[in-house]
Amino acid sequence: RLRAAGTDYPADVTGTYLSFPKTAIGPDAQALIDRVEAGLGDHDSPYDLAKALVDEFHSSRFTYSADISNVDCGALGVVECFAHYRVGYCQYYATTMAILLRSEGIPSRVVQGFLPGERDSDGVETLRNSNSHAWVQVYFPGYGWVDFDPTGGNLAQIPQIPLGSPVPSRSPRASASGDEGVNDPDLRSRAAQEIGPPPATGVGSSGAPPPAAFAVVAILLVSAFGILAAVAYRRGPRQLTGETAYGSLVRLAARFGFGPRPTQTVYEYATSLGDVLPFARPELQTVANAKVEVAYARRELAPERVRALRDAVGRLRLALLRLAFRRSDRKAFRTRRQR
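Every chain's residues receive numbers from 1 upward, in the order its sequence appears when written. Local features in a predicted model are, by the rule used here, given only for residues with pLDDT of at least 70; side-chain atom pairs are given and counted only at 80 or more, and totals for whole chains, interfaces and linings are based on all residues. Side-chain measures here rest on the full set of heavy atoms in the structure, leaving out hydrogens and waters.

1. Digging into the pattern of salt bridges
Put simply, the test is: For salt bridges, the criterion is a side-chain nitrogen of Lys or Arg within 4 Å of an Asp or Glu carboxyl oxygen. Counting from the N terminus, the helices are the DSSP runs of H or I reaching at least four residues and the strands are the DSSP runs of E reaching at least two. Burial classification: accessible surface area is computed with a 1.4 Å probe over protein chains only, and a residue below 20% of its type maximum counts as buried, one above 50% as exposed, and the rest as partly exposed.
Taken as a whole and judged by the stated rule, the model has 11 salt bridges. Between Glu118 and Arg128 there is a salt bridge whose closest N-O contact spans 3.4 Å. Note that Glu118 is positioned in strand E4 (residues 118-119) and Arg128 in the loop between strand E5 (125-126) and strand E6 (132-140), a separation of 10 residues in sequence. Exposure remark for Arg128: the relative accessible area of 43% places this residue in the partly exposed category. The salt bridge involving Glu283 is made with Arg315; its shortest N-O contact spans 2.9 Å. Linking Glu283 in helix H10 (residues 281-295) with Arg315 in helix H11 (residues 303-320), this pair joins segments that are 32 residues apart in sequence. Under the relative-accessibility criterion, Arg315 is labelled partly exposed at 45%. Each of Arg35, Glu56 and Arg61 takes part in a single network of salt bridges with overlapping partners.

2. Some details on the pairing of strand E7 (residues 144-148)
Looking along a regular strand, one sees the side chains alternate between the two faces of the sheet. To keep things clear, this is the line we draw: In short, DSSP must find at least two bridges between two strands for them to pair.
In terms of residue burial, E7 counts as a mostly covered element, since 4 of its 5 residues are buried. Pairing analysis gives 5 bridges linking E6 to E7, with the strands arranged antiparallel. By the bridge assignment, Phe140 is partnered in E7 with Gly144. In this antiparallel pair of consecutive strands, E6 and E7, the connection spans 3 residues, and Gly142 shows a positive phi of 90°.

Written out as structure tokens, the structure is:
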């Protein structure tokens, strides 16, 4: 299924996860990717290339070593140095694989975290600095990010993706914009006949409501905003952690059409939301930092950090209410997320 996923990548994925310094790939790195591609044969999908790179790095041609003090990279970058000397540790393996995939137009990113630690009989898992690790995620349309671990030395921990029955390649997807054929006069004519004329509005020949209606609507909107502001300020996660703070932020923003895309990281979403609400950037950064530290670094926030987080969440609940009145910003936000 991953072979048949195709290359119809979202614009926000290609805009972020295909860039790399052009100087990163020298003659040795280019020879490496050329050799791997030459061995693909008929199976030359992004999945096959990612799998072939993992197999190449796991082979005896590369040596895992945490001590590279005797390797003199000189002016070479990480990728070219690793492709030339073929010795290094997990960051070298992961960075090289990600850059080589990007050079072939395949979105990829390096992930840093921890290998499984020691778990005792009570279920408590101990993670040490020696458990730190880096691996690669490759994006597949319809499936999202899939883990690949190219690190050699029998350190790779990600289980192999099982092979299943083959499926046919995807057909090109129809445009989701709804604009296809809009310049076809026959299509416009048929659409007009099916839709028919617009219904009468009932507001008079001028089509404009009386001035009193605007005053009533304005009063109702101000009252509703005041009530929402009071409720938003008082409500919030009862047990405040980085997880609950970020969750409440996402839920409230999503109600107004400013939710995150599945492919966005915590920091990417906080940055894009900060572009809409620039005055709330410090609070957004506070919540994003707490989320990452608690969810991914498994840290426990100190009491002063919790107090700062609570203050930031309280201010954000009021700031996010402004999103309800920013329809034009909502369209720009969606457009920016698609790039």
